[in-house]
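Here is how the chains run, residue by residue.
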Amino acid sequence: MIYSAEVEKQFLAGLINYSDKYVEVAPFISSKDFFFDPHKIIYSFLKSEYEDGNKIDEVILAERIKLSGISFEDNISVSDYIKALKLKKSNQSTVLEAAKDLKKLSVRREISSSANKIVSAMKGIETSKSLSDIINRADTIYSSNINLYENGDHVPSDIFADMEEVVELKGNDPQTHFGPTGPHERLYNLYGSLLRPGNITTIVARTGVGKTQFVMDFCTKVSKSDGIPVLHLDNGEMSKEELMMRQCASLSKVPMNLLETGQWRNAGPEVVEQVRSVWSKVKDYQFYYQNIGGMPIDSVIQLVKHFYYAKIKRGNPMILSYDYIKTTSESLGNKTEWQVVGEMVDKLKN
């Protein structure tokens, strides 16, 4: 058979010890890629916990599996097995390599299985079938079984087939919170939350009509009401000081020109009071700024990851505000600017 218990163990050990590597392997690894049932079970639970944003160690993992009522064959102790995985030598750099090796084995098994099915089908196919029918039959068998590395475990599915079950289940367990509401009730009623976990919301409008101001105001108010930190990336068109002035103008209702020139001090006691009332408001705000002008998208993503894991910590929510996507630091090659923008957005999404 085409499998390796050692590769599967090495991958799971790395994932248990270095949970932040999950985001790199999740797009192409699924429980179907494991040959051994205990490993399928362990990965399914790890996947569920990581995607829910939970921090998990080997003790919690073992308890979750035991509480689910699932047990390993041959009376293998769940706790001992996972503890042994935890103690297995691994490092961050080997997690992705082990995942790739695991996927290769999985694809080889699928190709082998498809080949056997094609052989069986070719032996039993009617002689009256046309050449086109024969080839299409082989193509159908191969394409319906194979799960290539680039495609992950995603296959088209009928959105209406499970609609009743999904909607009814949500009705059985109503939620009051599905992403931050935001400060604009009408906007929320039309589109739901603009800050759903893992989603990208794009604000589009002509130059100079206030996109940056709207987004900063929106994110700041959500951050205040829901306690979610904001990381604001600027492509170099606005300095940190200019963003400060915009935020202060928004919070104080004092015109920008008075703040930028320093004339607010001479604009009367009321204006001075309005400006100084902001200091106590922003004391507990969490709005971080980074100039990413001239930085390629891959470097931007690494910056965001490092900031998130160092400052926000895994499992906690964060709002990423990006103002705005430019292709000047990307290699266009034979691609159009819009194709490159699409690839940049896709990388951010992943």
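Everything below is about the structure shown above.
Reference entry: report on the structure contained in this document.

What counts, and at which threshold
- Residues numbered from 1 in each chain as written.
- Predicted model: local features only at pLDDT ≥ 70, side-chain atom pairs only at ≥ 80, totals over all residues.
- Heavy atoms only, no water.
- Core = buried A, V, L, I, M, F, W, Y, C linked by side-chain atoms within 4.5 Å.
- Buried < 20%, exposed > 50% of the residue type's maximum accessible area, 1.4 Å probe, protein only.
- Helix = DSSP H or I, 4+ residues; strand = E, 2+ residues; numbered from the N terminus.
- Contact = heavy atoms within 4.5 Å.
- Axes fitted to C-alpha atoms, helices over the stretch in contact; angles between N-to-C directions.
- Parallel < 35°, antiparallel > 145°, perpendicular 65-115°, else oblique.
- Nonpolar A, V, L, I, M, F, W, Y, C, P; charged D, E, K, R; others polar.
- Salt bridge = Lys/Arg side-chain N within 4 Å of Asp/Glu carboxyl O.

### Some details on the nonpolar core
A general trend in soluble globular proteins is that nonpolar side chains are found buried together.
Then, number 1: The biggest cluster of nonpolar side chains holds 31 residues, and the ones touching the most others in it are F11, L15, I29, I42, L46 and L61.
Then, number 2: Where this core is concerned, the elements lending two or more residues are α1 (5–17), α2 (22–25), α3 (37–51), α4 (58–67), α5 (78–87) and α6 (92–124).
Then, number 3: The leading source of residues in this core is α3, at 6 residues.
Then, number 4: For L15, the contacting residues outside a window of four places in its chain are K21, Y22, V25, Y43, L46, Y50 and V95.

### Here we look at the environment of K9
Then, number 1: Among the structural elements, K9 can be located in helix α1.
Then, number 2: K9 gets classed as partly exposed once you look at its relative accessible area, which sits at 28%.
Then, number 3: Along the backbone, K9 and F34 are 25 residues apart, and their C-alpha atoms lie at a distance of 10.0 Å.
Then, number 4: Apart from residues lying up to four places away in sequence, K9 is in contact with H39, Y81, L85 and K88.

### Some remarks on the packing of α3 against α4
Then, number 1: Interaxial distance between α3 and α4 falls to 10 Å at its minimum, and their mutual angle equals 110°. If you check the angle between α3 and α4, you find them roughly perpendicular. The residues of α4 that touch α3, namely those facing I41, I42, F45, L46 and E49, are L61, R64 and I65.
Then, number 2: Partitioned by chemical class, the residues of the contact of α3 with α4 number 6 nonpolar, no polar and 2 charged.

### Describing unusual backbone geometry
Then, number 1: Residue D323 is joined to Y324 through a cis peptide bond whose omega torsion reads -5°.
Then, number 2: With respect to the helices, strands and loops of the structure, Y324 is situated in the loop between β3 (319–323) and α15 (337–349).
Then, number 3: Here K253, not a glycine, exhibits a phi torsion of approximately 65°, which is positive.
Then, number 4: Topologically, K253 is positioned in the loop between α11 (240–252) and α12 (256–261).

### Observations regarding the pattern of salt bridges
Then, number 1: For the coordinates displayed, the defined rule picks out 11 salt bridges.
Then, number 2: Residues E49 and R64 are paired through a salt bridge, measuring 2.7 Å at the closest nitrogen-oxygen approach. With E49 in helix α3 and R64 in helix α4, the pair connects residues that are 15 residues apart, well separated along the chain.
Then, number 3: The closest approach of N and O atoms between E63 and K66, which form a salt bridge, is 3.1 Å.

### Comments concerning the environment of D37
Then, number 1: Summarising the element assignment, D37 is placed in helix α3.
Then, number 2: Taking C-alpha positions, D37 is 15 Å from K66, a pair spaced 29 residues apart along the chain.

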